[in-house]
Amino acid sequence: MTHAPARRAFAAGLLAAGLFLSGPGHAQQKSEIAITRQPGIIYLPTHVIEKQGLIEKHAARLGVSGVKTTWLTFTGGGSQTDALLAGGVDIVNTGTGNLLLLWDRTRGGVKGIVATSALPLLLISRDPKIRTIKDIAPGDKVAVPTVKVSTQAILLQMAAGEAYGADQSGRLDANTVQLGHPDAAIALANPTHEIKTHFAAPPFQYVELRTVPGAHIVARSPDIIGGPLTQGQFFTTTKFADANPKIIQAVRAASEEAQGFIRSETRAAVEIYREVTGDKTSVEDLLSYLKEPGMMEFNLQPQGTMRFAEHLGRIGTLRNRPKTWTDYYLPVAHDLSGS
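Scope of this entry: the structure provided in the associated data block. (Residues numbered from 1 in each chain as written. Predicted model: local features only at pLDDT ≥ 70, side-chain atom pairs only at ≥ 80, totals over all residues. Heavy atoms only, no water.)

This part is about the pairing of strand S10 (residues 232-237). Summarising burial for S10: six of the six residues are buried, a large majority. Bridge count for strand S3 (residues 91-94) against S10 is four bridges, and the pairing is antiparallel. Bridged to threonine 94 within S10 is glutamine 233. Inspection of the sheet shows strand S4 (residues 110-117) paired to S10 by five bridges, in the antiparallel sense. Looking at the pairing, glycine 112 lines up with phenylalanine 235 of S10. (Buried < 20%, exposed > 50% of the residue type's maximum accessible area, 1.4 Å probe, protein only. Helix = DSSP H or I, 4+ residues; strand = E, 2+ residues; numbered from the N terminus. Pairing = 2+ DSSP bridges.)

Okay, here's the thing in structure tokens:
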């Protein structure tokens, strides 16, 4: 496998960013909006929002009636951000690395709305010789959703920097292979597949640990980042936000209601997840995953994102370093106790 498709996608994203910056200064108010997300229970609040029509409900409460929301599932954050910059979608829900990169490349033209989840990510391997980050050899392949800019790819950089020294944070970049979580889980389950290691997300990591012979944890995101890290957040262009302020408020209110529902009606939320996604994992198994440490971190406030930003600034990925998380989040979130 090569990284050429990822490089082409990354270049296309930068071209789209240039076109985005040179486009019209104002967007029009919309009544039909398209929102993207990725597979997995990390995005559980979005499934509740969709099923219960919460954006539509709160938009109507704010005086914007007739809003129609279309939800699209992408396998990686890179394709989501490309779609946002190209104008194909209005709002995305994906990882912190993608938000920071777009905020930087568009000079503040893309910003977060609110966070939705900060669930732990686990680096899983079925290779018996890989027990720590230092055991990953030059020929070993590690599946991540998007090379270099996905949350998992950046966490791997941070872990390498910790293991080998800050100037070696890119040491394992050449090991990474771009693969969506469902496909990576299939690869890991195949004993003859070259991919034996996957920086996963829930529920895939728990399925792998329970079903793949020899699967074990190599690293945990809370250990790398020093606590919870926002994995899912809504973000959009400032043009869209300026033209649709009540939709932005509705997204925040919908997210807060969905998170409260998940905490108070966890089983019902899991049943919604299964219905919306078609995931055949049993309700009992999914509930057991949500009992794992850190698996109920469904919060509005960004968590741990400045640690990410500091790392990306230090290695030169970000040309402009934020001073605080509110630099890359819209004012609708500024009253939150983010980090």
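A few words on empty space enclosed by the protein. Applying the stated criterion across every chain yields a total of one cavity of 30 Å³ or more. When its volume is computed, the largest cavity comes out at roughly 110 Å³. Partitioned by chemical class, the residues of the lining of the largest cavity number five nonpolar, 10 polar and no charged. (1 Å grid on protein atoms, 1.4 Å probe; cavity = no way out; pocket = protein on both sides within 12 Å on 5 of 7 lines; lining within 4 Å. Points joined across faces, edges and corners; volume = space filled by probe spheres on them. Nonpolar A, V, L, I, M, F, W, Y, C, P; charged D, E, K, R; others polar.)

What follows deals with the sheet that holds strand S1 (residues 32-37). Strands sit in the order S2-S1-S3-S10-S4 across an open sheet of five strands; the sheet is mixed. Looking along the sheet, the strands with just one partner apiece sit at the ends: strand S2 (68-73) and S4. Across this sheet, the average inter-strand angle for adjacent strands is 20°, counted without regard to direction. The sheet strands contacting helix H4 (residues 77-86) are S1, S3, S4 and S10, and the helix crosses S3 at an angle near 165°. (Axes fitted to C-alpha atoms, helices over the stretch in contact; angles between N-to-C directions. Contact = heavy atoms within 4.5 Å.)

What the five strands build is an open sheet, ordered S7-S6-S8-S5-S9; its pairing is mixed. Each edge of the open sheet is held by one strand with a lone partner, namely strand S7 (176-178) and strand S9 (216-220). Taking the axes of each pair of neighbouring strands and ignoring which way they run, one obtains an average angle of 30° across the sheet. Here three bridges tie strand S5 (residues 122-125) to strand S8 (residues 195-199), and the two strands are oriented antiparallel to one another. Bridge pairing links isoleucine 124 to histidine 198 in S8. Its contacts with the sheet place helix H8 (residues 204-211) against S5, S8 and S9, and it is angled at close to 30° to S5.

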